[in-house]
Amino acid sequence: MKRIYLSSPHLSGDEIRRIQEVIQSNWISTTGPELEAFESEFCRTTGSKHAVALNSGTAAVHLSMILAGIRHGDEVMCSTFTFVASANPILYEGAKPVFIDSEPQTWNLSPSLLEEFLKKRAKRSKIPKALMLVHLYGQAADVDPIKKLCEEYGVLLIEDAAEALGAKYHGRQVGLDGRFGIFSFNGNKIITTSGGGVLVTRNEQEAVLARKLASQAKDPAPHYQHSLRGYNYRLSNVLAAIGTSQLRVLEQRVRARRENFQRYQNALKDLPGVAFMPEPEGFFSTRWLTCILVDPKKSRGTNRETIRKHLESLQIESRPLWKPMHLQPLFQDCEIVGGGLSEHLFEQGLSLPSGSLLSPTDLQRVIDAVRECF
Ligand SMILES: *Cc1c(COP(=O)(O)O)cnc(C)c1O
């Protein structure tokens, strides 16, 4: 039986020609014209001002910490309902994460919990330096009230939109409202460079500094001279060429993922205890992954684990929703604000195969397999 994956890469068909051209040009390392072309294409597609192409989304999260001036002992707030790569770079800089729970409308960070927490901290004059706001599963967090709170309390806003390229919030691309935004082109994301990421900023000097830090922080001198701590984080010019081809099909990929969601919803919504990830008014989700909740009190004895195991026995990959950061052994000593909702989402949530390459037959196989559990 052919294995059905959660979210596999989907080539546009144009990559091989572009890679061939890059190889013939001999610009196969981490400098070259394809990097600039990819960065400008990214800005055109998303409406960002400056984009810096990096070798991973995690590298982009890390550079955002450095550019935000996060130092040892600082506190950085972060969505607890996320993938660990949003939070690890807080540790790289010796800072302390404070995790904030989600809200039911978006499954992303709760503006009211954030407000409560900031009010409480303001009384002690102990406001964290920054907020890493995550947009999960192709859907925006409720950015406007969150941004307003950040401005009011002097918190630097960084957006992890690694999973939200193509997602819109009141008509605008998600991830561009903060001081920095992060995108990922890992193989499982909506489009891919095989591995890669982008850091966006509105400030040209910050973009220039990010490119410098990503290339070993070389000072302008013929000998190798360094005044800053640098990294080897730049994207390869070969992979940048793949990225440009992929950006051109982004809209089609979003459409295909939304269609997957629609099919699943139509075929499964009558099942007892099954609910789908919401999409509030004014939000446009890419439905990067189709996520369902299974309430074991209503689902006639089945739950997300029995479904996951049944699918696995049929060579179908599915995954529990992200395990919240405050439940991770790695972060057991960190402060958590709220926590109940993300725990509930983790306990009941399952992501179904959602790639844009899935055929109608594949989707039907998944649908039949889920229905068999009831
Ligand atoms: C994928 C992902 C990242 C990291 O991106 P990589 O390119 O894999 O390093 C960061 N945050 C979130 C929420 C992600 O899903």
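Note that this is a predicted model, so its numbers are computed, not measured.

How would you explain the pattern of salt bridges if you had to name every residue and give the values?
This model, assessed by the stated rule, comprises 27 salt bridges. A salt bridge links arginine 44 to glutamate 41; the nearest nitrogen and oxygen atoms lie 2.8 Å apart. Here the residue arginine 44 and the residue glutamate 41 both occupy positions in helix H2 (residues 33–46), the gap between them amounting to 3 residues, near one helical turn. Of the residues examined, glutamate 41 reaches a relative accessible area of 10% and is grouped as buried. For arginine 308, the salt bridge identified is with glutamate 305, shortest N-O distance 2.9 Å. Linking arginine 308 with glutamate 305, this pair stays in helix H10 (residues 304–313), spanning 3 residues, or about one helical turn. What makes arginine 308 partly exposed here is its relative accessible area of 22%.

Describe the site of the ligand, listing the residues and the values that go with them.
Surrounding the ligand, one finds 15 residues, the nearest of these being Thr58, Asp160, Glu163, Ser184 and Lys189. In this structure, an oxygen atom belonging to the ligand sits 3.3 Å away from a side-chain N or O atom of lysine 189. Contact with the protein chains hides 93% of the accessible area of the ligand, taken as 380 Å² for the molecule alone. A class-by-class count of the residues in the shell around the ligand yields 4 nonpolar, 8 polar and 3 charged.

Give a detailed account of the sheet that holds strand E6 (residues 168–169), specifying residues and quantitative values.
Ordered in space as E7-E6-E11, the 3 strands form an open sheet in which the pairing is antiparallel. Lying at the two open borders of the sheet, with one neighbouring strand each, are strand E7 (172–173) and strand E11 (283–284). Note: E6 against E11, 2 bridges, orientation antiparallel. What sits directly across from tyrosine 169, in E11, is phenylalanine 283.

Go over the pairing of strand E1 (residues 50–54) with me, naming the residues and quoting the values.
The buried fraction of E1 is high, at 5 of 5 residues. The two faces of E1 match: His50, Val52 and Leu54 on one face and Ala51 and Ala53 on the other face are all buried. Note: E1 against strand E9 (residues 197–201), 5 bridges, orientation antiparallel. Within the sheet, the bridge partner assigned to valine 52 lies in E9 and is leucine 199.

Criteria and thresholds
Residues numbered from 1 in each chain as written. Predicted model: local features only at pLDDT ≥ 70, side-chain atom pairs only at ≥ 80, totals over all residues. Heavy atoms only, no water. Salt bridge = Lys/Arg side-chain N within 4 Å of Asp/Glu carboxyl O. Helix = DSSP H or I, 4+ residues; strand = E, 2+ residues; numbered from the N terminus. Buried < 20%, exposed > 50% of the residue type's maximum accessible area, 1.4 Å probe, protein only. Near = heavy atom within 4 Å. Polar contact = N/O pair within 3.5 Å; in protein donor to acceptor, adjacent residues only side chain to side chain. Areas by Shrake-Rupley, 256 points an atom, 1.4 Å probe, with all protein chains shown as cover. Nonpolar A, V, L, I, M, F, W, Y, C, P; charged D, E, K, R; others polar. Pairing = 2+ DSSP bridges.

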